[in-house]
Amino acid sequence: MTGFSSSTLDDAAGAEQRRVALAYLAEAFAEAALAGIEGDSFAHVALSAALHELVATYGEEEVAAFVERLPRRLRDGEFSSGLRH
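Since this is a predicted model, take the numbers as computed values, not measurements. (Residues numbered from 1 in each chain as written. Predicted model: local features only at pLDDT ≥ 70, side-chain atom pairs only at ≥ 80, totals over all residues. Heavy atoms only, no water.)

**Description of the overall build of the protein chain**
Thought 1: Along the backbone of the protein chain there are 5 helices and 0 strands.
Thought 2: When the helices and strands of the protein chain are placed in sequence order, the string is α-α-α-α-α.
Thought 3: Split into buried and exposed, the 85 residues of the protein chain put 11% on the buried side.
Thought 4: Taking contacts inside the protein chain between residues at least 6 apart in sequence as the whole, the part at least 24 apart equals 46%.
Thought 5: Per element, the accessible surface of the protein chain, about 6800 Å² overall, is 60% carbon and sulfur. (Helix = DSSP H or I, 4+ residues; strand = E, 2+ residues; numbered from the N terminus. Buried < 20%, exposed > 50% of the residue type's maximum accessible area, 1.4 Å probe, protein only. Contact = heavy atoms within 4.5 Å. Areas by Shrake-Rupley, 256 points an atom, 1.4 Å probe, with all protein chains shown as cover.)

Listed below in structure tokens is the structure:
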């Protein structure tokens, strides 16, 4: 098994696959909204499903280490797309 790190997410080989995956996810969010599902509810379930997949692939310890870095990345605005709250 290869290690899970931010570099795993940043490698050039997977960049196109992630771009296409993001398009699928955006489409799923849009379809859920059309079905009346609140965006935050869908986001919670999407995060849970993503964590399940990552744990199945990389294991609990490596994913836990990855998640521990998320607060700093959030505060640094890495996931913000518009106005900061």
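**Digging into the packing of helix 2 (residues 15–34) against helix 3 (residues 39–58)**
Thought 1: Where helix 2 contacts helix 3, the axes come no closer than 10 Å and their chain directions differ by 140°. With respect to each other, helix 2 and helix 3 are oriented oblique. The hand of the helix 2/helix 3 crossing is right-handed. Here helix 2 contributes Leu25, Ala28, Phe29 and Ala32 to the contact with helix 3, which in turn contributes Gly39, Phe42 and Ala43.
Thought 2: Per-class residue counts for the contact of helix 2 with helix 3 are 6 nonpolar, 1 polar and no charged. (Axes fitted to C-alpha atoms, helices over the stretch in contact; angles between N-to-C directions. Parallel < 35°, antiparallel > 145°, perpendicular 65-115°, else oblique. Left-handed = near helix turned anticlockwise from the far one by under 90°. Nonpolar A, V, L, I, M, F, W, Y, C, P; charged D, E, K, R; others polar.)

**Quick notes on the packing of aromatic side chains**
Describing an aromatic ring pair means giving the distance of the ring centres and the angle of the ring planes.
Thought 1: This structure, assessed with the given rule, holds 1 aromatic pair.
Thought 2: A centroid spacing of 4.4 Å and a plane angle of 65° characterise the contact between phenylalanine 29 and phenylalanine 42, whose relative ring orientation is edge-to-face. Here phenylalanine 29 is found in helix 2, whereas its partner phenylalanine 42 is found in helix 3, with 13 residues between them in sequence.
Thought 3: For phenylalanine 29, a relative accessible area of 29% corresponds to the partly exposed category. (Phe/Tyr/Trp six-rings, centres within 6.5 Å; stacked < 30°, edge-to-face > 60°.)

**What to know about helix 2**
Thought 1: Over its 20 residues, helix 2 runs 29 Å from end to end, which matches the ideal 28 Å to within 8%, given 1.5 Å per residue.
Thought 2: Downstream of helix 2 by one or two residues, glycine 36 has phi in the positive range, about 90°. (Expected span 1.5 Å × (residues − 1).)

**Notes on the pattern of salt bridges**
Thought 1: Taken as a whole, this structure holds 3 salt bridges when the rule is applied.
Thought 2: Between glutamate 78 and arginine 73 there is a salt bridge; the shortest N-O distance is 2.4 Å. (Salt bridge = Lys/Arg side-chain N within 4 Å of Asp/Glu carboxyl O.)

**Focus: the packing of helix 3 against helix 4 (residues 60–68)**
Thought 1: Interaxial distance between helix 3 and helix 4 falls to 7 Å at its minimum, and their mutual angle equals 130°. Classed by the angle they form, the pair helix 3 and helix 4 counts as oblique. Seen from helix 3, the contacting residues are Leu51, Leu54, Val55 and Tyr58; seen from helix 4, they are Glu60, Glu62, Val63 and Val67.
Thought 2: Across the contact of helix 3 with helix 4, the residue classes tally to 6 nonpolar, no polar and 2 charged.

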